[in-house]
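Inside the fold
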Amino acid sequence: MTHIVTPSARAAAAALAQAALTGRPLYLDTETTGLGAHDEIIEVCLLEDDGSVLLASLVRPQHTIPADVVRVHGITNAMVADAPTWPELWPQLAEQIEGRRLAIYNADFDLRMMRQSHARYGLRWARLERQSLCIMKLYAQFRGDWNQAYRSYRWHSLENAGRQCGIALPNSHRAADDALLARAVLHAIAGAALHAPSAEPDLF
């Protein structure tokens, strides 16, 4: 892996971030029973552009949460026992995101989990990919770590992105905290365009 901070690539990422902020996106994060093709959403948070909470809820899955996953985010089976199911929660979430841009850290993952939850209950998928921005991929371009094997910029975890940007917010693996941190990362990318490269050592 080679660290290549290409000014034009970084400037393009910052410009895309600024344009995204102009559109006042919503920020979404989920927590799940795992990472696989049969896993489910057990928490979701949707933030308004200004960081205020539009929706935050635990979600009751059809299957139990594995113990090793509980150790990651701390969401237990007892905590979700009385939570709404995905079909019960989805209409409220769908109403909030109608016509809005979504900004998500690792959008591919969260959208896949939403599709899986839809499929599990026979819900029609709204194809949210068309209105979603992946902050993780944008940050990868901004950071500039080139992975020669994959011929792409290396992705960074949300925790590392926050640390590299000097953001004093936790990556707790809970939906509300992580959505706030993702929002802060997008703002950091956009804000870097306002300064000369020599004025942003905390980002690198």
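Bear in mind the structure is a predicted one, so any value in this text is a computation, not a measurement.

Rules and cut-offs
Residues numbered from 1 in each chain as written. Predicted model: local features only at pLDDT ≥ 70, side-chain atom pairs only at ≥ 80, totals over all residues. Heavy atoms only, no water. Phe/Tyr/Trp six-rings, centres within 6.5 Å; stacked < 30°, edge-to-face > 60°. Helix = DSSP H or I, 4+ residues; strand = E, 2+ residues; numbered from the N terminus. Buried < 20%, exposed > 50% of the residue type's maximum accessible area, 1.4 Å probe, protein only. pLDDT = per-residue confidence, 0-100. Contact = heavy atoms within 4.5 Å. Core = buried A, V, L, I, M, F, W, Y, C linked by side-chain atoms within 4.5 Å. Expected span 1.5 Å × (residues − 1). Pairing = 2+ DSSP bridges. Axes fitted to C-alpha atoms, helices over the stretch in contact; angles between N-to-C directions. Salt bridge = Lys/Arg side-chain N within 4 Å of Asp/Glu carboxyl O.

The next thing to look at is the packing of aromatic side chains. For the structure shown, the criterion picks out three aromatic pairs. Ring centres of Tyr139 and Phe142 lie 6.4 Å apart, and the angle between their planes is 40 degrees; this geometry places the pair in the tilted category. Here Tyr139 and its partner Phe142 are both found in helix α6 (residues 135-143), three residues apart, which amounts to about one turn of the helix. The same class applies to Tyr139 as to Phe142, namely buried.

Our focus in this paragraph is the confidence of the model for the chain. On average, residues of the chain carry a pLDDT of 91, and 91% of them reach 70 or more. Taken as a whole, residues 196-204 scores under 50 in pLDDT and shows 19 contacts with residues more than four places along the chain or in a different chain.

One finds Leu93, Tyr105, Met114, Val185 and Leu186 to be the most contacted residues of the largest nonpolar core, which totals 52 residues. The element that contributes the greatest number of residues to this core is helix α8 (residues 175-192), accounting for ten residues. Residues contacting Leu186, with those up to four places away along its chain left out, are Ala17, Ala20, Leu21, Pro25, Tyr27, Ala103, Leu133, Ile135 and Leu138. Counting residues in each nonpolar core, the second largest holds eight residues, with Ile65, Val69, Val70 and Val80 among its members.

What follows concerns helix α5 (residues 107-121). Each α-helix winds once per 3.6 residues, and so residues spaced three or four apart point in a common direction. Spanning 15 residues, α5 covers 21 Å between terminal C-alpha atoms, matching the ideal 21 Å at 1.5 Å per step. Those residues of α5 lying buried are Ala107, Phe109, Asp110, Leu111, Met113, Met114, Gln116, Ser117 and His118. For α5, the secondary structure elements touched by its buried residues are β2 (26-32), β3 (41-47), α4 (86-97), β5 (102-104) and β6 (132-134). Remark: Gly122 follows α5 within two positions and exhibits a positive phi of approximately 75 degrees.

For the rest of this paragraph, the subject is the sheet that holds β3. Backbone hydrogen bonds are what pair the strands of a sheet, in a parallel or an antiparallel way. Taken in spatial order, the five strands line up as β4-β3-β2-β5-β6 in an open sheet, and their pairing is mixed. Every other strand in the sheet has two partners, leaving β4 (53-58) and β6 as the edge strands with one partner each. The mean angle between the axes of side-by-side strands here comes to 25 degrees, regardless of whether they run parallel or antiparallel. Where β3 meets β4, five bridges bridge the pair, whose relative direction is antiparallel.

Moving on, we come to the pairing of β3. Counted residue by residue, β3 has seven buried out of seven residues, so it is predominantly covered. Bridging between β2 and β3 involves six bridges; their strand directions are antiparallel. What sits directly across from Glu31, in β3, is Glu43. Counting the residues in the hairpin turn of β3 and β4 gives five residues, including Gly51, whose phi is positive at 95 degrees.

With that settled, the discussion passes to the pattern of salt bridges. Per the stated rule, a full pass over the model turns up nine salt bridges. Of the charged contacts in the structure, one is a salt bridge between Arg100 and Glu48, with a shortest N-O distance of 2.7 Å. Remark: Glu48 occurs in the loop between β3 and β4 and Arg100 occurs in the loop between α4 and β5; sequence separation between them is 52 residues. Look at Glu48 and you get buried, because its relative accessible area is 14%. Here Glu129 ties to Arg115 by a salt bridge, and the two come within 2.5 Å at their closest N and O atoms. Taken together, the residues Glu129 in the loop between α5 and β6 and Arg115 in helix α5 connect sequence positions 14 residues apart. Judged by its relative accessible area of 35%, Glu129 falls in the partly exposed class. Look at Arg115 and you get partly exposed, because its relative accessible area is 33%. The network of salt bridges with common partners includes Arg24, Glu48, Asp49 and Arg100.

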